[in-house]
Amino acid sequence: MSVRLAVFASGGGSNLQALLDAFNAAPDAPARVTLVISDRSDAGALDRALAADVAAHVIDVRARPEEDVALEMLELLRHHGIGFIALAGYLRLVPAQVIRAYPSRIVNIHPALLPSFGGRGMYGRRVHEAVLATGARVSGPTVHYVTERYDEGRIIAQWPVPVLPGDSADTLAARVLAVEHRLYPLVLAALALDAPARDRELQDAAFHWSEDSAPTAEEIIHLVQPTPLP
Ligand code: GRF
């Protein structure tokens, strides 16, 4: 039986789309996106959910006590029988009560190699501008467990993406995003398949790549189309 996955998104939802494409069309996929939650009524992610026939809800979090928001979220998550939550460009903190209700079952994808270039306010172009400002030669997405603080929590997977000469925040963002679209479905599939084992050993949630499911170096090189260094 596949794990029922909720995706939280505030923006365009290209990562949501990658998850929909990977899971919802395949009857034997280990996970299935069955609920999308956004804090913004104008999020493109909501349109993608509707187009894929997935339930979509807006939960406004502004000027509301955290407990209220948590209750509304938990009610929806329970109503849809959600077993796992993936944040995909969700710009709010997840309420503590929700985190407690889904121990080791909420993950996020961040467009840089944590623990660098993360934290409050580090989203969108700002992340890639910060990477470029340091002269770092490697960036890439990180998938990590979600805690009550921005971009903290145990790291599950990372994938290196080169920073190329002449990169702008936009070109780097596009190269990292393309890899996010590969990495997130792979990680979530592995976590969903691993769910029974994790039930037994929640605290030992180490993630191991399987050689067959990880993208090959050749695929990634093709994907990022590196140009030679000067
Ligand atoms: C991605 O870069 C993700 O890493 C970050 O927010 C962005 C969301 O993009 N957390 P999209 O809405 O999935 O296109």
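To start, this report covers the structure provided alongside it. (Residues numbered from 1 in each chain as written. Predicted model: local features only at pLDDT ≥ 70, side-chain atom pairs only at ≥ 80, totals over all residues. Heavy atoms only, no water.)

## Some words on helix H2 (residues 44–51)
Think of an α-helix as 3.6 residues a turn; residues three or four steps apart then line up on the same face.
For step 1, the next point in the chain: Within H2 the residues assigned to the buried category are Ala45, Leu46 and Ala49. For H2, the angular spread of buried residues about the axis comes to 105°, placing them on one side. With respect to the buried face of H2, the exposed residues turned more than 90 degrees away are Asp47, Leu50 and Ala51.
For step 2, the next point in the chain: Backbone geometry just after H2 places aspartate 53 at a positive phi near 65°. (Buried < 20%, exposed > 50% of the residue type's maximum accessible area, 1.4 Å probe, protein only. Helix = DSSP H or I, 4+ residues; strand = E, 2+ residues; numbered from the N terminus. Arc of directions from axis to C-beta.)

## Quick notes on the packing of helix H1 (residues 14–24) against H2
For step 1, the next point in the chain: Contact pair H1 / H2: the axes reach a minimum separation of 9 Å and the direction vectors enclose 20°. Relative to H2, the element H1 is oriented roughly parallel. The two elements H1 and H2 cross, and the hand of that crossing is right-handed. Packed against H1, whose contacting residues are Ser14, Leu16, Gln17 and Leu20, the element H2 presents Ala45, Arg48 and Ala49 at the interface. (Axes fitted to C-alpha atoms, helices over the stretch in contact; angles between N-to-C directions. Parallel < 35°, antiparallel > 145°, perpendicular 65-115°, else oblique. Left-handed = near helix turned anticlockwise from the far one by under 90°. Contact = heavy atoms within 4.5 Å.)

## Focus: the side chain of glutamate 180
For step 1, the next point in the chain: Summarising the element assignment, glutamate 180 is placed in helix H6 (residues 169–193).
For step 2, the next point in the chain: Only 2.9 Å separates the side chain of glutamate 180 from the side chain of asparagine 15, close enough to count as a polar contact. (Polar contact = N/O pair within 3.5 Å; in protein donor to acceptor, adjacent residues only side chain to side chain.)

## Considerations on the nonpolar core
The tendency in soluble globular proteins is for nonpolar side chains to be buried side by side.
For step 1, the next point in the chain: Within the largest apolar cluster, 41 residues are counted, with the highest numbers of intra-cluster contacts made by Leu5, Val7, Leu19, Val33, Val107, Tyr184 and Leu188.
For step 2, the next point in the chain: Broken down by element, the residue count for this core peaks at 10 residues, all from H6.
For step 3, the next point in the chain: Other than its neighbours up to four places away in sequence, leucine 5 contacts Leu19, Phe23, Arg32, Val33, Thr34, Leu35, Ile82, Phe84, Ile85, Ala86 and Leu188.
For step 4, the next point in the chain: Of all hydrophobic cores here, the second largest spans 22 residues; its members include Ala6, Tyr90, Val94 and Ile106. (Core = buried A, V, L, I, M, F, W, Y, C linked by side-chain atoms within 4.5 Å.)

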